[in-house]
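# Examination of the molecular architecture
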Amino acid sequence: MSTPVLSPAAWLRGPRRPVWLSDPKVLRTEVLAGLVVALALIPEAISFSIIAGVDPAVGLFASFTMAVTIAVVGGRPAMISAATGAVALVIAPLNREHGFGYLVAAVLLAGVFQIVLGALGVARLMRFVPRSVMVGFVNSLAVLIFMAQVPEMTDVPWPVYPLMAAGLALMVFFPKVTTVVPAPLVSIVVLTVITVAAGIAVPTVGDKGELPSALPVPGLPDVPFTLDTLTTVAPYALAMALVGLMESLMTAKLVDDITDTRSSKTRESVGQGVANIVTGFFGGMGGCAMIGQTMINVRVSGARTRLSTFLAGAFLMVLCIVFGPVVSGIPMAALVAVMVMVSFATFDWHSVAPRTLRRMPVGETTVMLVTVACVVATHNLAVGVVVGSVTAMVVFARRVARVADVTAVTDPDGSTVVYRVTGELFFASSNDLVGRFDYATDPDRVVIDLSAAHVWDASSVAALDAIETKYARRGKTVEIVGLNEPSARIHTTLSGELAGH
C-alpha cells in the first residue's frame, strides 16, 4: 500500500476511501494493533508523568489527545504520537520552578513553534541526515527501550522472570501458529489470566499510579498572559518544539523505510504542532512520536493506516475509564516482555555483524557508534542525531579534503610552470593548498589550472589570493585558468576582498 504525499488542495478535499472500510482483514489488524499499543502506552505515559513531575492523568490525557489528533492531521499514517520521555525531560524544570500552568502554556507555545517551523520547511533538513546516523538512531532507540525496562526487572519478586520468559516465548512461537491475533496481545492476556487466576503477587500497572476516571476538560492555562510569562516559557517551548520535531521526523523516516511508502514530513511537522496545541488546551503535558509504540504498531502488529493510531488513543481512554480495574491488574512483566521484544526487533543487527563491520568504511562505523553513545549517555535522541550528523560532516570533509591534489609541470624552456589542481576546494582542503607551491624556485610565470577543481567557499578564494600574493612579493605573475562558471563567479566576487580577515 502506497501513501502519496498530498498537495494542499488534496488535503482540503480529504483522503481517499480508507482501505480498512473495504477490507475486513485490514480492519482487524488495525483494531488489534491499536489495542496492543494502548495497553503498552499506559505504563509509559504514567512513567513520563512522573519524570515531568505531574499527575499520572496528565500523561495519559496527553497520550490520548496526541494520538487521536495526529491520526487526523499527521503526515505519517500508523505512526504513534503520545507523551514521551524526551518532552518530559525538557519541560520538567519549568514545572518544578514555576508550576503546572506554565508547563501547559509551554506546550501550547511549542505547538505554535512547530506549526511555524513546519510551514518554513524545517522537514527538508532531514535530507542532511546520513544513513549512518539513521542506523545509530535506530540502534540507540533499541538500547534505550531495553534500558527503560531494566528497573522493572530488578528488585522484583522471582515470579516476574518466568512470566517474562513465557511472554517472550509466546511472542516468538505464537505467530508460527497464526497471525490473526497479534502475539503481544495474546501474551498480555495470557499472562494476566495466569497471574490473576493463580493469585501471583507481582508488580502491576495499577502500582504505577491511579488511572483517570473521567475524560479531560478543555481550558486555558492558569497563568498571567504577560510578556514576562512569554519570556519564561519561550525557551522551554522552543526546546520542546525542536526535540519533538526531530524525534517525529526521524521516526517518520524510519516508518517510511519499513513500509516502503512515502509520507509528508511537512504535514507531519504541522500536525505535531496542532496535536500539541490540542493537548495543551486539554491540560496535557505534550508529546511527539514514540518510537517504541510505533514499532509495536508497524513492525510487530503490522498496522499501516491512521485507524490504528486513532484507536490507540481512543482505546487508551476506554481502558482507563471503563476497564480501569482490569487494566490495573495487568502484570508489568507482560508489558516489559513486549517492550524487550520490540527492542530486539528494532535493533539493526546487520549493522554490527562482523562481515558488515569489515566492509564498512571506518568513518561510517564511527558515526554510527558516536550517535549511539550520545543518545545512550544523554537519553536524548535529538542530541545524538545532531552530534552524529556533525561527526558525519567532519568525516565527509576529511575524506573529500584528501581528494584535492596539486601536480606541477614546467615548460621545457623553463619560463613557465603549470600547477594542475584537482578535487574540491573548500575550507578543509584549501588550508593545505598554500603550502603545495614552490614560491622560491618557480619561474617568473606561474599558471594555476583549475579545470579539474571546484571552488566552493571564501576559504578557497582566500587561499588562491594568498598564493598570488606570495608570488607577487617575489616579482612573479600568476594566471588562474580553467575555472568553471560557479567557481569563477565566487572567485570574481570575493578575490581581493578577504585580506585581513
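Residues numbered from 1 in each chain as written. Predicted model: local features only at pLDDT ≥ 70, side-chain atom pairs only at ≥ 80, totals over all residues. Heavy atoms only, no water.

## What to know about the overall build of the protein
The test is simple: Helix and strand definitions follow DSSP, with helices as H or I runs of at least four residues and strands as E runs of at least two, each counted in order from the N terminus. We call two residues in contact when some of their heavy atoms are within 4.5 Å. Surface accessibility in these figures is a Shrake-Rupley result with a 1.4 Å probe; residues are shielded only by whichever protein chains are displayed. His residues and chain termini do not enter the charge count, which takes Lys and Arg as positive and Asp and Glu as negative. Every charge is mapped to an atom, namely NZ of Lys, CZ of Arg, CG of Asp or CD of Glu.
Scanning the protein for helices and strands turns up 20 helices and 6 strands. Projected onto its principal axes, the C-alpha coordinates of the protein cover approximately 100 × 60 × 50 Å. Sequence-distant contacts in the protein: of pairs separated by 6 or more residues, those separated by 24 or more amount to 84%. Here the protein has roughly 22,600 Å² of accessible surface; of this, 66% comes from carbon and sulfur atoms. If you average the places of the 33 positive and of the 33 negative side-chain charges in the protein, the two averages end up 9 Å apart.

## Quick look at the domain arrangement of the protein
Put simply, the rule reads: Note that the domain bounds reflect an automated or database-derived domain assignment.
Each domain of the protein was delimited in the assignment, giving domain 1 (16–353) and domain 2 (404–494). The C-alpha-based centres of domain 1 and domain 2 are spaced at 57 Å.

## A short note on the pairing of strand β6 (residues 477–481)
When a strand is regular, its side chains alternate between the sheet's two faces. For the record, the criterion: Note: two strands are recorded as paired if DSSP finds a minimum of 2 bridges between them. Crossovers are described as right-handed under a simple rule: with the strands pointing away from the observer, the path leading from the first strand over the helix to the second runs clockwise.
As judged from the 5 bridges shared by strand β5 (residues 445–455) and β6, these two strands associate in the parallel manner. Across the sheet, V447 pairs through a bridge with E479, a residue of β6. Taken together, β5, helix α19 (residues 458–472) and β6 constitute a β-α-β crossover, and its handedness is right-handed.

## Digging into helix α9 (residues 227–259)
Stated formally: One less than the residue count of a helix, multiplied by 1.5 Å, gives the span that helix is expected to have. To get the bend at any residue, fit one axis to the seven residues that end at it and another to the seven that begin at it, then take the angle between the two axes.
Between its terminal C-alpha atoms α9 stretches 46 Å, which fits the 48 Å expected from 33 residues at 1.5 Å a residue. Along its length, α9 shows its largest kink, about 35 degrees, at V233, and proline P235 lies within four residues downstream of that point. A positive backbone phi angle near 55 degrees is found at D260, which sits one or two residues after α9.

## A few points about the pattern of salt bridges
The following threshold applies: Throughout this description, the term salt bridge denotes a Lys or Arg side-chain nitrogen within 4 Å of a carboxyl oxygen of Asp or Glu. Working definition: with a 1.4 Å probe on protein chains only, accessible area under 20% of the residue-type maximum means buried, over 50% means exposed, and in between means partly exposed.
Per the stated rule, a full pass over the model turns up 7 salt bridges. With a shortest N-O distance of 2.4 Å, E152 and K208 are connected by a salt bridge. Of this pair, E152 sits in the loop between α6 (131–149) and α7 (160–177) while K208 sits in the loop between α8 (183–198) and α9, and the two are 56 residues apart along the sequence. The buried category is assigned to E152, whose relative accessible area is 17%. Of the charged contacts, one joins D449 and R420 as a salt bridge, the two residues approaching to 3.2 Å between their closest N and O atoms. Note that D449 is positioned in strand β5 and R420 in strand β4 (residues 416–425), a separation of 29 residues in sequence. Overall, R420 belongs to the partly exposed group, its relative accessible area being 38%. Here the residues in one salt-bridge network are R76, D256 and K265, joined through shared partners.

## Some details on the packing of helix α2 (residues 24–52) against helix α12 (residues 306–321)
In plain terms, the rule: Here, axes are lines fitted to C-alpha atoms. For helices the fit covers the stretch in contact, and angles between N-to-C directions go from 0 to 180 degrees. Every angle not falling under 35 degrees, over 145, or within 65 to 115 is termed oblique; those three ranges are roughly parallel, roughly antiparallel and roughly perpendicular. Two helices crossing with the near one rotated counterclockwise from the far one by less than a right angle form a left-handed crossing, whereas a clockwise rotation gives a right-handed crossing. Asp, Glu, Lys and Arg are counted as charged, while Ala, Val, Leu, Ile, Met, Phe, Trp, Tyr, Cys and Pro are counted as nonpolar; the rest, among them Gly, fall into the polar class.
It is at 7 Å that the axes of α2 and α12 come closest, and there the two elements cross at 50 degrees. Regarding the angle of α2 to α12, the classification is oblique. As for how α2 packs across α12, the hand of that crossing is right-handed. Within the contact between the two elements, α2 uses L27, E30, V31, A33, G34, L35, V37, A38, L39, L41 and I42 and α12 uses L307, S308, L311, A312, F315, L316, L319 and C320. In the contact of α2 with α12, the residues fall into 16 nonpolar, 2 polar and 1 charged.

## Here we look at the UniProt feature "domain: STAS" (unreviewed entry) in the protein
Note the cut-off: UniProt positions are given in the numbering used here, feature names are shortened, and annotations may be inferred rather than shown by experiment.
The feature "domain: STAS" (unreviewed entry), as annotated in UniProt, sits at residues 406–494 in this numbering. Between the end C-alpha atoms of residues 406–494 the distance is 22 Å, and the span holds 33% helix and 35% strand.

## Examining the environment of T84
Quick note on the threshold: The definition of a polar contact used here is a pair of N or O atoms within 3.5 Å, where within protein one atom must be able to donate a hydrogen and the other to accept one, and adjacent residues in sequence count solely through side-chain atom pairs.
With respect to the element layout, T84 can be found in the loop between β1 (81–82) and α4 (85–98). Filtering out sequence-adjacent residues up to four positions away, T84 remains in contact with F48, M285, G286, G287, C288, A289 and M290. In terms of polar contacts, T84 uses its side chain to reach the backbone amide nitrogen of V87, at 3.4 Å.

## What about unusual backbone geometry?
Here the phi dihedral of D155 falls at roughly 55 degrees; this positive angle occurs in a residue that is not glycine. Along the chain, the position of D155 falls in the loop between α6 and α7. A residue is classified by how much of its surface remains accessible, and D155, at 83% relative accessible area, is exposed. One non-glycine residue, D260, lies in the positive phi region at around 55 degrees. Examined against the element boundaries, D260 turns out to sit in the loop between α9 and α10 (265–281).

## Concerning the sheet that holds β6
Read from one edge to the other, the open sheet built from 4 strands follows the order β3-β4-β5-β6, with strand pairing classed as mixed. On the outer flanks of this sheet lie β3 (405–410) and β6, each paired with one strand and no other. Between one strand axis and the next, the sheet turns through 20 degrees on average, direction left out of account. In terms of strand pairing, β4 meets β5 through 9 bridges, oriented parallel. The residue bridging G423 from the neighbouring strand is A453, located in β5. Together, β4, β5 and β6 form the strand contacts of α19, whose direction differs from that of β5 by roughly 175 degrees.

## Remarks on the packing of α7 against α8
As a packed pair, α7 and α8 sit with axes 9 Å apart at the nearest point and diverge in direction by 145 degrees. Crossing geometry of α7 relative to α8 is assigned as right-handed. On α8, the residues that touch L163, A166, G167, L170, M171, F174 and P175 of α7 are A183, P184, V186, S187, V190, L191, I194 and T195.

## A look at the nonpolar core
Let me state the cut-off plainly: The criterion is simple. A nonpolar core is a set of buried Ala, Val, Leu, Ile, Met, Phe, Trp, Tyr and Cys residues joined through side-chain atoms within 4.5 Å.
Formed by 102 residues in total, the largest nonpolar core has its most connected members in I42, L60, F137, M285, I296 and L316. Counting residues per element, this core draws most heavily on α2, which supplies 12 residues. Ranked by size, the runner-up nonpolar core spans 21 residues in total, among them Y419, V434, Y439 and L450.

## Concerning the packing of aromatic side chains
Put simply, the rule reads: Centre distance within 6.5 Å is the pairing criterion for rings of Phe, Tyr and Trp, where only the six-membered ring of Trp is used; planes under 30 degrees apart are then read as stacked, over 60 as edge-to-face, and the remainder as tilted. Charges are assigned to positions over rings by a cutoff of 6 Å between ring centre and Lys NZ or Arg CZ, combined with an angular limit of 35 degrees from the ring normal.
Per the stated rule, a full pass over the model turns up 8 aromatic pairs. Look at F344 and W349: their rings are 5.8 Å apart centre to centre, the planes differ by 25 degrees, and that puts the pair in the stacked class. Given the relative accessible area of 48%, W349 is considered partly exposed. Between Y419 and F437, the ring centres sit 4.4 Å apart and the planes meet at 50 degrees, which makes this aromatic pair tilted. In this pair, Y419 sits in strand β4 while F437 sits in the loop between α18 (427–430) and β5, placing the two residues 18 residues apart along the sequence. On the accessibility criterion, Y419 (3% relative accessible area) is buried. An aromatic cluster of at least three residues, connected via ring pairs, comprises F146, F344, F347 and W349. The cationic tip of K470 hangs over the ring face of Y439; the distance from NZ or CZ to the ring centre is 5.8 Å.

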